[in-house]
Amino acid sequence: MALLPQKKKRKDPGLPGASHSWAGDGPLTLAKFSEVGIFLVERKMGSSRRSFLSQLARKKGFRVEERMSESVTHVVSENNSGDEVLELLDKQSGICRAALVDITWFTESMGAGKPLEVENRHRLQVKTAADGGPIGIPISQYACQRRTTLDNKNSLFTEALKVLAENAQLCENEGRYLAFTRASSILKSLPYSVTKIDDLQGIPSLGEHCKKVIQDILEDGICREVEELIQNERYQTLKRFTSIFGVGVKTADKWYREGLRTLHELRASKILLTKEQGAGLLYYEDLIVPVTRTEADSIRKIVEGAVHRFLPAAVVKLTGGFRRGKEYGHDVDFLITHQEEGKEQGLLYQVINWMAAQGMILYDDITDSKDQKWKNKEPEIFDSFAKCFLIFKLQKDVVNVLRPNTAGDHDPLAKEIGHGGRAETCERATYAAVKVKDWKAVRVDLVTAPFGQYAYALLGWTGSQLFERDLRRYAKHFKHMSLSSHSLFDNEQKKFLSAATEEEIFAHLGLDYIPPEERNA
Ligand code: CTP
Ligand code: MN
Ligand code: MN
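Draft legend 1. Main features of the pattern of salt bridges. Scanning the model with the defined rule gives 33 salt bridges in all. Between Glu-518 and Arg-147 there is a salt bridge whose closest N-O contact spans 2.6 Å. Here Glu-518, found in the segment after helix H21 (502-508), pairs with Arg-147, found in the loop between helix H3 (103-112) and helix H4 (155-170); they are 371 residues apart in sequence, far enough to count as distant. A network of salt bridges, in which partner residues are shared, links Arg-50, Arg-58 and Glu-66.

Encoded structure:
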């Protein structure tokens, strides 16, 4: 199996002020009490005292870690509250499974010459969030360590933060986009509704700006900044243009600067469109209507049928949002593989050609796994599987066609064939059945993966996007591993770790298994 070259390993920044040089008396393995790993928080302690205490502890046979890691069992701090320490740790290193203890535990243990049991009086107090809140259980800043179902108890806030995230994206400010997306995602994972600002105690990834938005909504029911954005002409226009298949922020912004505002103006303009954008604009009214699970199932049956014509034993798996349990999606994603590695090669061409011959394809863009356009790209973000982005022509069933209110007023194709509005009488409904467009354009992604990479591909194509991003970030920072949709590479052992199932990948990463329905980060 062809695997991708690894990215050069970047140094972990560690906690503020943490020195990476080994200042101790010997290697880690000499520690007498190796089961105990101490991390001293430098904040308020100062670097010289920290290094003095580190040396002292090492002399006594304790293992002292220079930076936060999974092997730390005791986080020791002086003059910081539990919340302050958690916030520091969350900013830098994700979830903290270690005991948060005061310096008294450390000095007493040094005095005793051995690690003492942690008693309640040693523990740092973490303020409990009210009413069934996280009660001091640290919430990870990594989406892959949270369980996020579709039951969002904080949609009022997450919808507002989503607007801010979208706007940041439309301004090409990746940092702000991520900050708002992370904040929104963490609120989605809370098992309770935030009803007062105190409920946010101890929750990572919430910057001042996000807290202000939440506070505004708690006080006034709305956030003025968000409301203004929604009315903003550039925001509205760029959102409209980027919702066209094939149009990214740069193109949308260019059109905006050229004075275009509406789809009507765009259609009337002489602007040159790519083949993809042309299709996106042509089928726009269909493509902005969310795909239902029923439609996804119909397409699955058709795709499965097509694939099995050529490879009866191939596996066709529904991935993306529908695999996570969503009822609606912007497209339908499929991953295809075959137990006999190599059999999947060339399959996409056969499938697409056959479907095209059946009149099922409105647009297709096949990327071969050997295609140069994917090379030199970040392997952790752009995989190089053979894939096809297509616009599928889904026949609506007769029952749907007969239903009076069909595509609605905006449907130019419906208008073209002389029916745009609501059919009020039975007679007209029957008339509509004859006249109305009886199909819907639906975006479909088909990906084929060699069997040996199937588990990685499945994990990578199930999403959500933030869940994937945090899996890779977690792998890199905590395990010194590089995760992609193809493989997991251990940068320390310098080897690829194979996996036949998603469960095995989570196990390689030392993470609890999170099922697809809980990956809606
Ligand atoms: N993906 C990817 N490479 C791409 C496109 C998508 O790896 N070129 C992955 C994304 O990271 C995501 C999954 O495929 O995890 C599904 O992507 P997408 O269809 O865009 O999102 P969904 O989560 O399915 O959301 P929706 O229901 O709106 O389609
Ligand atoms: Mn999808
Ligand atoms: Mn997709």
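The structure having been displayed, the exposition proceeds.
Draft legend 2. A look at the coordination of the manganese ion (ligand 2). For the manganese ion (ligand 2), the protein coordination sphere consists of Asp-331 (OD) and Asp-333 (OD), at 2.0 to 2.1 Å. Between the manganese ion (ligand 2) and the manganese ion (ligand 3) the interatomic distance amounts to 3.6 Å, and Asp-331 serves as a bridging ligand to the pair. Across the pair, Asp-333 and Asp-331 agree in class, each one buried.

Draft legend 3. Summary view of the site of ligand 1. Close to ligand 1 lie 13 residues; Gly-321, Arg-324, His-330, Asp-331 and Gly-463 are nearest. Between ligand 1 and Gly-321, the relevant distance is 2.8 Å, taken from an oxygen atom to a main-chain nitrogen or oxygen of the residue. Between ligand 1 and Asp-331, the relevant distance is 2.7 Å, taken from an oxygen atom to a side-chain nitrogen or oxygen of the residue. Burial of ligand 1 by the protein chains amounts to 78% of its free accessible area of 590 Å². Secondary-structure elements contributing two or more residues to the shell around ligand 1 are helix H14 (320-323), helix H19 (454-462) and helix H20 (465-479). Residues belonging to the shell around ligand 1 are distributed by class as follows: one nonpolar, seven polar and five charged. Mapping the shell around ligand 1 onto the domain boundaries places at least three of its residues in each of domain 4 (291-457) and domain 5 (460-518).

Draft legend 4. Structural detail: helix H8 (residues 233-242). Among the residues making up H8, those that are buried are Tyr-235, Thr-237, Leu-238 and Phe-241. Here the buried face of H8 lies against H4, helix H7 (224-231), helix H9 (249-257) and helix H10 (263-268). One side-chain oxygen of the residue at the start of H8 lies 2.9 Å from the amide nitrogen of Arg-234, identifying that residue as Asn-232.

Draft legend 5. Representation of the sheet that holds strand E1 (residues 33-40). Taken together, four strands build an open sheet; the order of strands is E2-E1-E3-E4 and the sheet is parallel. Unpaired on one side and paired on the other, strand E2 (62-65) and strand E4 (99-102) mark the two borders of the sheet. Sheet twist, expressed as the mean angle between neighbouring strand axes with direction ignored, is 35°. Pairing of E1 with strand E3 (residues 74-77) involves three bridges; the strand directions are parallel. Within the sheet, the bridge partner assigned to Phe-39 lies in E3 and is Val-75. Along the sheet face, helix H1 (residues 47-59) touches E1 and E2 and points at about 150° away from the line of E2. Contacting E1, E2, E3 and E4, H3 crosses the sheet at an angle of about 80° to E4.

Draft legend 6. Geometry of the environment of Glu-502. Considering the arrangement of structural elements, one finds Glu-502 in helix H21. Assessed through its relative accessible area of 4%, Glu-502 is described here as buried. As for Glu-502 and Leu-459, which are separated by 43 residues in sequence, their C-alpha atoms are 6.2 Å apart. Once you skip the residues sitting within four places of it in the chain, Glu-502 turns out to touch Arg-323, Ala-455, Leu-458, Leu-459, Thr-462, Tyr-513 and Arg-519. A polar side-chain atom of Glu-502 sits 2.9 Å from a polar atom in the side chain of Arg-323.

Reading guide: rules and limits
Residues numbered from 1 in each chain as written. Chains lettered and ligands numbered in written order. Predicted model: local features only at pLDDT ≥ 70, side-chain atom pairs only at ≥ 80, totals over all residues. Heavy atoms only, no water. Salt bridge = Lys/Arg side-chain N within 4 Å of Asp/Glu carboxyl O. Helix = DSSP H or I, 4+ residues; strand = E, 2+ residues; numbered from the N terminus. Donors = N, O, S within 2.8 Å, 3.2 Å for Na, K, Ca; no water. Buried < 20%, exposed > 50% of the residue type's maximum accessible area, 1.4 Å probe, protein only. Near = heavy atom within 4 Å. Polar contact = N/O pair within 3.5 Å; in protein donor to acceptor, adjacent residues only side chain to side chain. Areas by Shrake-Rupley, 256 points an atom, 1.4 Å probe, with all protein chains shown as cover. Nonpolar A, V, L, I, M, F, W, Y, C, P; charged D, E, K, R; others polar. Domains from an automatic or database assignment. Contact = heavy atoms within 4.5 Å. Pairing = 2+ DSSP bridges. Axes fitted to C-alpha atoms, helices over the stretch in contact; angles between N-to-C directions.

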